[in-house]
Amino acid sequence: QVQLVESGGGLVQAGGSLRLSCAASGLIFKFWDMGWFRQGPGKEREFVAAIRTGATSTYTDSVKGRFTISVDNAKNTVYLQMNSLKPEDTAVYYCAADLRSPRSISVEANAYDYWGQGTQVTVSS
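Just so it is clear, the structure is predicted and the values come from calculations on it, not from any experiment.

The rules behind these values
Residues numbered from 1 in each chain as written. Predicted model: local features only at pLDDT ≥ 70, side-chain atom pairs only at ≥ 80, totals over all residues. Heavy atoms only, no water. Helix = DSSP H or I, 4+ residues; strand = E, 2+ residues; numbered from the N terminus. Rg over C-alpha atoms; globule rule 2.2 N^0.38 Å. Contact = heavy atoms within 4.5 Å. Areas by Shrake-Rupley, 256 points an atom, 1.4 Å probe, with all protein chains shown as cover. Lys, Arg positive; Asp, Glu negative; His and termini not counted. Charge placed at Lys NZ, Arg CZ, Asp CG, Glu CD. Disulfide = S-S within 2.5 Å. Patch = residues over 30% accessible without salt bridge, like charges linked within 9 Å, V, L, I, M, F, W, Y side chains within 5 Å. Salt bridge = Lys/Arg side-chain N within 4 Å of Asp/Glu carboxyl O. Buried < 20%, exposed > 50% of the residue type's maximum accessible area, 1.4 Å probe, protein only. Core = buried A, V, L, I, M, F, W, Y, C linked by side-chain atoms within 4.5 Å. Phe/Tyr/Trp six-rings, centres within 6.5 Å; stacked < 30°, edge-to-face > 60°.

*Asks:* Whenever I open this one, the overall build of the protein chain confuses me. Can you help?
*Replies:* Looking only at helices and strands, the protein chain features zero helices and 11 strands. The secondary structure elements of the protein chain, listed N-terminal to C-terminal, are β-β-β-β-β-β-β-β-β-β-β. Taken over the C-alpha trace, the protein chain has a radius of gyration of 13 Å; the compact-globule value for 125 residues is 14 Å, and the two agree within 12%. Counting only C-alpha atoms, the protein chain reaches 40 × 25 × 25 Å along its principal axes. For the protein chain, the proportion of contacts with a sequence separation of at least 24, taken over those separated by at least 6, is 61%. Accessible surface for the protein chain amounts to roughly 6,300 Å². Of this, 48% is attributable to carbon and sulfur atoms. Averaged over its 12 positive side-chain charges, the protein chain has a centre that lies 5 Å from the centre of its 11 negative ones.

The structure is reproduced here in structure tokens:
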């Protein structure tokens, strides 16, 4: 059974940093693409970043140069390092897993098979 558990959210001032963690169980990263999505107040869930272990990562334009996605295979954990945070980054952040296929990494939420419960990130101005 696949489980994804996010942690690391909180309240931070604009310009600050946070590192989100997603502890995964029941899957092996080399067979899965791992993604981060977010949903702000009154907004649709949107793609943030995704990684295919040993291959590539991709980011939405608004976070490029500020956020970094990475994996620790030994800990079976995915991270999202968020720097230079802005108030518009305020959202619930979700970790998700998509069974790897020959296609490229998906940025579509409906492609992902498993989701965590989310962690709140609030950036004050």
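*Asks:* Would you explain the state of the cysteines in this entry?
*Replies:* Overall, the coordinates contain one disulfide when judged by the stated rule. A sulfur-sulfur distance of 2.1 Å marks the disulfide that ties Cys 22 to Cys 95. In this structure the cystine formed by Cys 22 and Cys 95 twists about its S-S bond by roughly -75°; its chirality is therefore left-handed. Placement of Cys 22 in strand 3 (residues 18-25) and of Cys 95 in strand 9 (residues 91-99) is noted, with a sequence separation of 73 residues between them.

*Asks:* So what exactly am I meant to see when it comes to a nonpolar patch on the surface here?
*Replies:* A contiguous nonpolar patch, built from Ile 28, Phe 31 and Leu 99 and spanning about 290 Å² of accessible area, is present on the exposed surface. Along the chain, Ile 28 turns up in the loop between strand 3 and strand 4 (32-39). Since its relative accessible area comes to 48%, Ile 28 is described here as partly exposed.

*Asks:* Can you help me understand the nonpolar core in this one?
*Replies:* Inside soluble globular proteins, nonpolar side chains tend to come together where they are buried. Membership of the largest hydrophobic core comes to 29 residues, with the highest contact counts inside it found for Leu 4, Leu 27, Met 34, Trp 36, Leu 80, Met 82 and Tyr 93. Looking at this core, the elements that each hand over two or more residues are strand 3, strand 4, strand 5 (46-52), strand 7 (67-72), strand 8 (77-82), strand 9 and strand 11 (119-124). Ignoring any residue separated from it by four or fewer positions in sequence, one finds Leu 27 in contact with Val 2, Leu 4, Trp 32, Met 34, Asn 76 and Ala 97. Among the nonpolar cores identified, the runner-up in size contains seven residues, and Phe 37, Phe 47, Ile 105 and Ala 111 belong to it.

*Asks:* Is there a simple way to explain the packing of aromatic side chains in this structure?
*Replies:* Aromatic ring pairs are reported here in terms of the distance separating the ring centres and the angle at which the planes meet. Under the definition given, this model contains six aromatic pairs. Relative to Trp 115, the ring of Phe 37 has its centre 5.0 Å away and its plane inclined at 55°; by these criteria the two rings are tilted. Here Phe 37, found in strand 4, pairs with Trp 115, found in strand 10 (residues 114-115); they are 78 residues apart in sequence, far enough to count as distant. Every member of this aromatic cluster is reached through a ring pair, and the members are Phe 37, Phe 47, Tyr 94, Tyr 112 and Trp 115.

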